[in-house]
Amino acid sequence: MGKILVIGAGGQLGTELTKVLADQYGNESVIATDFQESAGSKFSYCAFHTLNVMNKAELEIIVKKEGVSQIYHLAAILSAAGEKNPLQAWDLNMGGLLNVLEVARAYKIEKVFWPSSIAVFGPSSEKERTPQNAFKDPNTIYGISKLSGEHWCEYYFNKYGVDVRSVRYPGLIGYKSLPGGGTTDYAVDIYHKAMSGEKFTCFLNEHTYLPMMYMDDAINATLQLMEVPKEKITIKTSYNIAGLSFSPTEIYQSVLKHYPNFKMEYHSDFRQAIADSWPNSIDDSVAKADWNWKPKFDLDTMTSAIITNLPAYFKFK
Ligand code: AKB
């Protein structure tokens, strides 16, 4: 096997996934890249290059020089940030993916991983246990770019045989780094506020249910999908995967079990409309049937794991 290239490694998912890939395949087999040079400080254990995925020539140089055989392309502008600058979000989310697909085709990359999102669903999609093939009318530029990206992946798979694999991540919750620009980010911030003894103002209403997932489950799903024999993959766009589904009130109750004096109030902003357009919960029966996907964490086990581990990564008073 050649080397594994992670694009956007400095982000919330990349920070954790890159380490797990290095532990699994060896530090010398993984190359972390990010457009920010400062992200390099996270990757003392493996090679790091500054890379803007919009620069296809630079991407090609790394792929050729390093003998890359797998690419995890994680760089994207998320839902809430995308609404502030839709054209920039479209350029990066689509342009970056097309550069990766083209390079994968030209250099015969063995496997590509590209994350999609529950943001591909929209106001007219079924809300509860949203099926794999539900009607999709995304109304954020992030969701539109993810839905278009899914079809580009399927197109490259069918037309050029590029083995692209993808899951529709729900909101991801981890403790090793902060997320940026997502609608589900409140469910990460809440732990930081509780542990620093501050009051938390939630930007969504108390009863807004959203699909979420603990980072360990998300990483397991990703690695599991990448290991499955190609012939078992029946979905060439992107697989629904489900972990948790909870509202701000429910995560607050879970945190209160550890921090009984913690206070939370609600003050919804533009992200409420985004959350309202997304599913409450996801049906992942196709992923279960095709590659035995099964999450391990529920809300309380996730809360305990985060509260135990967060202080090693962030300082609290
Ligand atoms: C976001 O909130 O934009 C992301 C996502 C659900 O893809 N976390």
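Everything quoted here is computed from the prediction, not taken from an experiment. (Residues numbered from 1 in each chain as written. Predicted model: local features only at pLDDT ≥ 70, side-chain atom pairs only at ≥ 80, totals over all residues. Heavy atoms only, no water.)

A. The arrangement of the site of the ligand in detail. Taken together, L78, S79, S117, I118, Y142, G182, T183, T184 and W278 make up the full set of residues near the ligand. For the ligand, a nitrogen atom lies 2.9 Å from a polar atom in the side chain of T184. When isolated, the ligand has an accessible area of 260 Å², and the protein chains bury 94% of it. Taken together, the residues of the shell around the ligand sort by class into four nonpolar, five polar and no charged. If you count residues domain by domain, the shell around the ligand takes at least three from each of domain 1 (3–170 + 215–240) and domain 2 (171–212 + 243–312). (Near = heavy atom within 4 Å. Polar contact = N/O pair within 3.5 Å; in protein donor to acceptor, adjacent residues only side chain to side chain. Areas by Shrake-Rupley, 256 points an atom, 1.4 Å probe, with all protein chains shown as cover. Nonpolar A, V, L, I, M, F, W, Y, C, P; charged D, E, K, R; others polar. Domains from an automatic or database assignment.)

B. Here's a closer look at the sheet that holds strand β1 (residues 3–7). Pairing is parallel across the open sheet formed by six strands, whose spatial order is β3-β2-β1-β4-β5-β7. Edge positions in the sheet fall to β3 (47–50) and β7 (164–165), since each of these pairs with one other strand and no more. (Pairing = 2+ DSSP bridges. Helix = DSSP H or I, 4+ residues; strand = E, 2+ residues; numbered from the N terminus.)

C. Expanded view of the pattern of salt bridges. What the rule picks out here adds up to 10 salt bridges. With a closest N to O distance of 3.2 Å, K199 and E265 form a salt bridge. Of this pair, K199 sits in the loop between α6 (186–195) and β10 (200–202) while E265 sits in strand β14 (residues 264–266), and the two are 66 residues apart along the sequence. Residue classification places K199 among the partly exposed positions, given a relative accessible area of 48%. For E265, a relative accessible area of 35% corresponds to the partly exposed category. For D284, the salt bridge is made with K288, and the minimal N-O distance between the two is 3.0 Å. (Salt bridge = Lys/Arg side-chain N within 4 Å of Asp/Glu carboxyl O. Buried < 20%, exposed > 50% of the residue type's maximum accessible area, 1.4 Å probe, protein only.)

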